[in-house]
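The chain contents come next:
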Amino acid sequence: MKLVRLPILIIAALAAALVAASPALASHSWNGYHWATTSSPFTLQLVDSVTAGWDSYLGATSTDWSVSSVLDTAVIAGATDSQTRRKCPAPSGQVRVCNQTYGFNGWLGVAQVWVDAARHIAKGATKLNDSYFNTATYNRPEWKQMVMCQEVGHTFGLGHQDENFDNPNLGTCMDYTRNPLGPPANLHPNQHDYDQLVAIYNHLDSRSTVKTTSSLAGSAPSEGGDTPAQWGQPIRRDAHGTPILYRRDLGGGQHLFTWVIWIRGGGPPAR
């Protein structure tokens, strides 16, 4: 009996060790939230409200995520005046992307996602904080590309593959890191991100929450705010206990979720 059972026990132990050592194999769907769609692939519009210095990063992010077999993105022109970029109002059925000097408040970027009563994503916004990206530490292509890619990725329904800044890089922008260049570099999605999108969007819905025209007309855009006090309650923390996901109840079953990536060693200001 021992000769039969010993290999089985060894194999089971090895399998458990491999699973424990491979965070990239875990699901990083974000609670199942997703855009309601009636076709596959579908196209999600990214409203360009960034200044010229950010355009290349938005373009690269759009190209990267469009490699997905279930999701395409299209960058469309949006207002780039200072007021629009500061408020970054999210239009229904689209994701607006903005940069602005939001202040030395601890965060590099946020992704804000409005979810309707049916738990479908209705609109989104991504904000890049130039107060830090104008400094020598973060005014670097690798930081700009990683944060842009990660925050836009959250608006599709993706979480992080790993939330410990001290772990080795996984080679995906959906991974926390202290060194985006790695190696491997955390600048773009990896295959696991694309596989996760397939898992999220492996069905069609009876209606769509995705805008199909390039017009910005429609219901009044929503503003998500720039501070934890405006984001609601923290509902998820990283490996060091820092809040990284907030939820605000909007009533009627609707919620605003805010993903935030803090500067290295940062976190929400003490109250």
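Read on for a plain summary of the structure.

Procedures and definitions
- Residues numbered from 1 in each chain as written.
- Predicted model: local features only at pLDDT ≥ 70, side-chain atom pairs only at ≥ 80, totals over all residues.
- Heavy atoms only, no water.
- Helix = DSSP H or I, 4+ residues; strand = E, 2+ residues; numbered from the N terminus.
- Buried < 20%, exposed > 50% of the residue type's maximum accessible area, 1.4 Å probe, protein only.
- Contact = heavy atoms within 4.5 Å.
- Areas by Shrake-Rupley, 256 points an atom, 1.4 Å probe, with all protein chains shown as cover.
- Pairing = 2+ DSSP bridges.
- Salt bridge = Lys/Arg side-chain N within 4 Å of Asp/Glu carboxyl O.
- Polar contact = N/O pair within 3.5 Å; in protein donor to acceptor, adjacent residues only side chain to side chain.
- Lys, Arg positive; Asp, Glu negative; His and termini not counted.
- Axes fitted to C-alpha atoms, helices over the stretch in contact; angles between N-to-C directions.
- Parallel < 35°, antiparallel > 145°, perpendicular 65-115°, else oblique.
- Left-handed = near helix turned anticlockwise from the far one by under 90°.
- Nonpolar A, V, L, I, M, F, W, Y, C, P; charged D, E, K, R; others polar.

**Focus on the overall build of the protein**
Moving on, step 1. For the protein, the count of helices and strands is seven helices and nine strands.
Moving on, step 2. Going through the 271 residues of the protein one by one, you find that 51% of them count as buried.
Moving on, step 3. Counting contacts in the protein only where the partners sit at least 6 residues apart, residues at least 24 apart contribute 71% of the total.
Moving on, step 4. Carbon together with sulfur atoms contributes 57% to the accessible area of the protein, which is approximately 11900 Å² in total.

**Points about the pairing of strand β4 (residues 95-100)**
Moving on, step 1. Across the six residues that make up β4, a large majority, six, are buried.
Moving on, step 2. Going residue by residue along β4, you find Val95, Val97 and Asn99 tucked away on one face and Arg96, Cys98 and Gln100 tucked away on the opposite face as well.
Moving on, step 3. In terms of strand pairing, strand β2 (residues 42-49) meets β4 through four bridges, oriented parallel. Following the sheet pairing, aspartate 48 is matched in β4 by valine 97.
Moving on, step 4. Two elements, β4 and strand β6 (residues 120-129), share six bridges in a ladder whose sense is parallel. Paired with valine 95 across the bridge in β6 is glycine 124.

**Digging into the environment of leucine 46**
Moving on, step 1. With respect to the secondary-structure elements, leucine 46 resides in strand β2.
Moving on, step 2. Taking the C-alpha atoms as reference points, leucine 46 and glycine 93, separated by 47 residues in sequence, lie 9.9 Å from one another.
Moving on, step 3. Excluding residues that lie within four positions of it along the chain, leucine 46 makes contacts with Leu58, Ser62, Thr73, Ala74, Val75, Ile76, Val95 and Val152.

**Notes on the pattern of salt bridges**
Moving on, step 1. Considering all chains together, one arrives at five salt bridges under this definition.
Moving on, step 2. Two residues, aspartate 166 and arginine 178, come together in a salt bridge whose shortest N-O distance is 2.7 Å. Residue aspartate 166 is found in the loop between α5 (141-154) and α6 (191-200), and its partner arginine 178 is found in the loop between α5 and α6; the two are separated by twelve residues along the sequence.

**Describing the environment of arginine 86**
Moving on, step 1. You can see arginine 86 is positioned in helix α3 (residues 82-87).
Moving on, step 2. For arginine 86, a relative accessible area of 31% puts it in the partly exposed group.
Moving on, step 3. It is 7.8 Å that separates the C-alpha atoms of arginine 86 and threonine 101, two residues lying 15 residues apart in sequence.
Moving on, step 4. Setting aside residues up to four positions removed in sequence, arginine 86 forms contacts with Gln100, Thr101, Tyr102, Lys127 and Asp226.

**Focus on α6**
Moving on, step 1. His192, Asp193, Tyr194, Gln196, Leu197 and Ile200 are the residues of α6 that are buried.
Moving on, step 2. Against β1 (34-35), α2 (52-65) and β3 (71-77) lie the buried residues of α6.
Moving on, step 3. With a side-chain oxygen lying 3.2 Å from the backbone nitrogen of histidine 192, the N-terminal cap of α6 falls on asparagine 190.

**A few points about the side chain of arginine 96**
Moving on, step 1. Along the chain, arginine 96 falls in strand β4.
Moving on, step 2. Buried and without a salt bridge, arginine 96 has aspartate 81 as its closest oppositely charged side chain, separated by 7.4 Å.
Moving on, step 3. Within the structure, arginine 96 has its side chain in polar contact with the backbone oxygen of proline 89 (distance 2.5 Å).
Moving on, step 4. If we ignore the near neighbours within four places in the chain, the residues touching arginine 96 are Val47, Ser49, Ala79, Thr84, Cys88, Pro89, Pro91, Gly124, Ala125 and Thr126.

**Looking at unusual backbone geometry**
Moving on, step 1. For the bond running from glycine 182 to proline 183, omega is 15 degrees, close enough to zero to count as cis.
Moving on, step 2. Residues proline 183 and proline 184 are joined by a peptide bond in cis, for which omega reads -10 degrees.
Moving on, step 3. A positive phi angle, near 60 degrees, is found at asparagine 31, a position not held by glycine.
Moving on, step 4. By the secondary structure assignment, asparagine 31 is in the loop between α1 (2-20) and β1.

**Section: the packing of α2 against α5**
Moving on, step 1. Two elements in contact, α2 and α5, have axes separated by 9 Å at closest approach and are oriented at 50 degrees. Judged by the angle between their axes, α2 and α5 are oblique. Of the two elements, α2 crosses α5, and the hand of that crossing is right-handed. Across the interface between the two elements, Trp54, Tyr57, Leu58, Ala60, Thr61 and Trp65 of α2 pack against Pro141, Lys144, Gln145, Met148, Cys149, Val152 and Gly153 of α5.
Moving on, step 2. Of the residues belonging to the contact of α2 with α5, the class tally is nine nonpolar, three polar and one charged.

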